[in-house]
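Coordinates in review
Listed below are the residues making up each chain.
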Amino acid sequence: EVQLVESGGGLVQAGGSLRLSCAASGFTFDDYPIGYTIGWFRQAPGKEREGVSCISISDGSAYYANSVKGRFTISSDNAKLTVYLQMNSLKPEDTAVYYCAAAQDWVAGSLWAYEYDYWGQGTQVTVSS
């Protein structure tokens, strides 16, 4: 089975930085025969789940929501099966539970949650003013 585990959340002040990690395991050819995409999503209290960023593991192409462009950077260490989200210049509105998720590689570029098949448990990010 596919498992995704997020880590790296915490409490930071506005303007600070944080790096989230998403460790993946359990992939099989049957699960993702041509590769996969990892996305980061977030959900703040009282709000809908929002796509933040995603990366295609096959070619490294990355995509970002407009709200985080220029501040967040997604990257992958394929040998470790880990995807990172470097978050800089954090704002209070970035406060949310952050989730990583896996999808078929042809989903690359999509920040729609329904496109993703497997989800981690989430990690809390709190940005104070």
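Scroll up a little and you will see the structure.
Report on the accompanying structure.

Procedures and definitions
The numbers attached to residues start from 1 for each chain and follow its sequence in the written order. Where totals are concerned, whole chains, interfaces and linings use all residues; where local detail is concerned, this predicted model gives features only for residues with pLDDT of at least 70, and gives and counts side-chain atom pairs only at 80 or more. Side-chain numbers here rest on the full set of heavy atoms in the structure, without hydrogens or water. Strands here mean DSSP runs of E at least two residues long; helices mean DSSP runs of H or I at least four residues long; both are numbered from the N terminus. With C-alpha atoms as the basis for the radius of gyration, the globule rule is written as 2.2 Å multiplied by the number of residues raised to the power 0.38. Think of it in three bands: residues with accessible area under 20% of the maximum for their type are buried, residues over 50% are exposed, and the middle band is partly exposed, with areas taken using a 1.4 Å probe on protein chains only. Contact between two residues is taken to exist if any of their heavy atoms lie within 4.5 Å; hydrogens are not considered. In this description, accessible areas are obtained by the Shrake-Rupley approach with a 1.4 Å probe, and a residue is regarded as covered only by the protein chains that are shown. Under the convention used here, Asp and Glu are negative, Lys and Arg are positive, and both His and the chain ends fall outside the count. In plain terms, the charge of a residue is placed at NZ if it is Lys, CZ if Arg, CG if Asp and CD if Glu. A pair of Phe, Tyr and Trp rings is counted when the ring centres sit within 6.5 Å of each other, with Trp represented by its six-membered ring. The angle between the planes then sorts it: under 30 degrees is stacked, over 60 is edge-to-face, the rest tilted. Two strands make a pair as long as DSSP finds a minimum of two bridges between them. Axis geometry follows a simple rule: fit a line to the C-alpha atoms, using only the stretch in contact for helices, then measure angles between N-to-C directions, giving values from 0 to 180 degrees. Disulfides are defined in this document as cysteine sulfur pairs within 2.5 Å. Residues belong to a common nonpolar core when they are buried Ala, Val, Leu, Ile, Met, Phe, Trp, Tyr or Cys residues joined through side-chain atoms within 4.5 Å.

**Quick word on the overall build of the protein**
Of the regular secondary structure elements, the protein holds zero helices and 11 strands. Since a compact globule built from 129 residues should have a radius of gyration of about 14 Å, the 14 Å found for the protein is in line with a globular shape. Looking at the protein as a whole, 44% of its 129 residues qualify as buried. Looking at the protein alone, contacts between residues at least 24 apart form 60% of all its contacts between residues at least 6 apart. Just so you have it, the protein exposes about 6400 Å², and 50% of that area is on carbon and sulfur atoms. For the protein, the separation between the mean place of its 8 positive charges and that of its 13 negative charges on side chains is 13 Å.

**Section: the packing of aromatic side chains**
The description of an aromatic ring pair rests on the distance of the ring centres and on the angle between the ring planes. Taken as a whole, this structure holds six aromatic pairs when the rule is applied. Aromatic side chains F41 and Y116 sit 4.9 Å apart centroid to centroid with 80° between the ring planes, which places their arrangement in the edge-to-face category. Highlighted residues: F41 in strand β4 (residues 36–43) and Y116 in the loop between β9 (96–104) and β10 (118–119), separated in sequence by 75 residues. Both residues of the pair, F41 and Y116, count as buried. Aromatic pair F41 and W119: ring centres 4.9 Å apart, planes at 50°, arrangement tilted. One end of the pair, F41, is in strand β4; the other, W119, is in strand β10, with 78 residues separating them in the sequence. A relative accessible area of 28% places W119 in the partly exposed class.

**A closer look at the sheet that holds strand β7 (residues 72–77)**
Judged by pairing direction, the sheet is antiparallel, and its four strands sit side by side in the order β1-β3-β8-β7 without closing on themselves. With one partner strand each, in any of the chains shown, β1 (3–7) and β7 form the two edges of the open sheet. The average angle at which neighbouring strand axes cross in this sheet is 15°, direction not considered. The pairing of β1 with strand β3 (residues 18–25) spans five bridges and is classified as antiparallel. Counted as the bridge partner of E6 is C22 from β3.

**Notes on the state of the cysteines**
Inspection of every chain in the model, using the stated rule, returns one disulfide. The side chain of C22 participates in a disulfide bridge whose partner is C100; the two sulfur atoms lie 2.1 Å from each other. Handedness of the C22-C100 disulfide follows from its S-S torsion of about 75°: it is right-handed. One end of the pair, C22, is in strand β3; the other, C100, is in strand β9, with 78 residues separating them in the sequence.

**Quick word on the nonpolar core**
With 36 residues, the main nonpolar core has I38, W40, L85, M87 and Y98 as its most contacted residues. For this core, the secondary structure elements donating two or more residues are β3, β4, β5 (50–56), β7, β8 (82–87), β9 and β11 (123–128). With six residues, β9 is the single largest residue contributor to this core. Not counting residues within four places of it along the chain, the set of residues in contact with L85 comprises L18, R19, L20, W40, V52, S53, F72, T73, I74 and Y98.

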